[in-house]
Amino acid sequence: MTRSKNVLELSERSREIFRQIVDAYVETGEPVGSRTLSRRLSVALSPATIRNVMADLEEAGLLYAPHTSAGRMPTEAGMRLFVSGLLEVGKVPEIEREKLDAQSRATGKSLEQLLEEALSTLSGLSRCAGLVLAPKTQVSLKHIEFVPLGPGRALVVLVTDDGLVENRVLELPQGVTPSALVEATNYLNARLSGRTLDEARDFILRELEAERGQLNTLTSKVVTAGLATWAGGKEGQLIVRGQSHLLDDVTALDDLERIRHLFEALETKEHLIRMLDLTNKADGVQIFIGAENELFKVSGCSMIVAPYHNSREQIVGAIGVIGPTRLNYARIIPLVDYTAKVIGRMIG
């Protein structure tokens, strides 16, 4: 039975060989053999010595052989050890900083447009799928309207003071008439002005309880259902872009199958939001590798994510990338961190 070591337990020779194995694997995605290592090492070592060290690293749970060849690849535990103890993080190149900085200078665009553009830039630069959790809606409300779509359904149109519009389809209680929708619209709009989503919801629900007799039963149901619809959107919107980048490094059918499972998980998005919520509670870049999280236990992917702040230095969202476990962590970690800071400037 193997046991994963920490960096301090490895000799200097083992650390150097392990680092070179990971670097070569990140570059090629292929198993790394002793001959390849002998050419990469700065100190001359015999192939037999290299193979002995590789065997020790495999016994420690840091390497594995994907097939019967002499080559080895890092395990997920090995990648975690490398990222936590051996990785030397680089700086964001000037040309990439300029592309990201351009986002914060944009004017005349909604927050969602700015976030989508920053995310697309990050996804393109990293060649990974990008994701961002937009800030929770805490701006003042201006208008709400219920638009009938047919029996049992209505469109809820919510407009904020800063011009953002959210549309949601609402399942209506049985028997709701168009006149009840108009009455619900008038009732809510008379009470929205200058209140945030949470403030409006709390105020109107209290008033409904105290003065339910002023509204007929069907109108009350529409109002309550509409409020529940708003509440469902206050946790922030998740945007995912660049999923096709996940296919760039697929080299075998089993890789394609793992990516297919990941795409299915991305469609549901619940796991991602839970992971981003964890990021929202901690400063700094967070790294999730492989089976360390439920979302990637099958797909063999990793996520690098960082929170971003508003002008009061409060964490209001998170942005990151998803890619194969052999991500170029040294390059992408600072890229994600810098993008989060750019978004913070945009919000400020």
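Everything below is about the structure shown above.
I will try to describe carefully the structure that is included in this document. Everything numeric here is computed off the predicted structure, so don't read it as measured data. (Residues numbered from 1 in each chain as written. Predicted model: local features only at pLDDT ≥ 70, side-chain atom pairs only at ≥ 80, totals over all residues. Heavy atoms only, no water.)

**Structural notes on the side chain of arginine 191**
Then, in step 1: For arginine 191, the position within the fold is in helix H7 (residues 178-192).
Then, in step 2: Within polar-contact distance, the side chain of arginine 191 engages the backbone oxygen of tyrosine 187 at 2.8 Å.
Then, in step 3: Each residue touching arginine 191, except ones within four places of it in the same chain, is listed here: Phe203, Ile204 and Glu207. (Helix = DSSP H or I, 4+ residues; strand = E, 2+ residues; numbered from the N terminus. Polar contact = N/O pair within 3.5 Å; in protein donor to acceptor, adjacent residues only side chain to side chain. Contact = heavy atoms within 4.5 Å.)

**Some words on the packing of helix H6 (residues 111-126) against helix H12 (residues 329-347)**
Helix-helix packing is described using two parameters, namely the angle between the two axes and the distance between the axes.
Then, in step 1: In contact at an axis separation of 11 Å, H6 and H12 are set at 165° when each is read in the N-to-C sense. In terms of axis orientation, H6 runs roughly antiparallel to H12. As H6 runs across H12, the sense of the crossing is right-handed. Together, Leu111, Leu114, Leu115, Ala118, Leu122, Leu125 and Ser126 of H6 and Arg331, Ile332, Leu335, Val336, Thr339, Ile343, Met346 and Ile347 of H12 make up the contact between the two elements.
Then, in step 2: Residue classes in the contact of H6 with H12 are distributed as twelve nonpolar, two polar and one charged. (Axes fitted to C-alpha atoms, helices over the stretch in contact; angles between N-to-C directions. Parallel < 35°, antiparallel > 145°, perpendicular 65-115°, else oblique. Left-handed = near helix turned anticlockwise from the far one by under 90°. Nonpolar A, V, L, I, M, F, W, Y, C, P; charged D, E, K, R; others polar.)

**Brief notes about H6**
Then, in step 1: Helix length check: H6, at 16 residues, gives a terminal C-alpha distance of 22 Å against a target of 22 Å (1.5 Å per residue), a fit within 8%.
Then, in step 2: Among the residues making up H6, those that are buried are Leu114, Leu115, Ala118, Leu119, Thr121, Leu122, Ser123, Leu125 and Ser126.
Then, in step 3: Among the structural elements, helix H5 (94-104), strand E3 (129-133), strand E7 (238-241), strand E9 (301-309), strand E10 (315-324) and H12 are those in contact with the buried residues of H6. (Expected span 1.5 Å × (residues − 1). Buried < 20%, exposed > 50% of the residue type's maximum accessible area, 1.4 Å probe, protein only.)

**Re the pairing of E10**
Then, in step 1: Counting buried positions along E10 gives seven out of ten residues, so the element sits mostly inside the fold.
Then, in step 2: Direction of pairing for E3 relative to E10: antiparallel, over a ladder of five bridges. If you follow valine 132 over to E10, its bridge partner there is isoleucine 319.
Then, in step 3: In the sheet, E9 pairs with E10 via nine bridges, with the strands oriented antiparallel. Pairing of methionine 303 across the sheet is with isoleucine 322, part of E10.
Then, in step 4: Between E9 and E10, which pair antiparallel and follow one another directly, the connecting turn spans five residues, one of which, glutamate 313, has a positive phi of 65°. (Pairing = 2+ DSSP bridges.)

Purely geometric stuff here, so don't read any function into it on its own.
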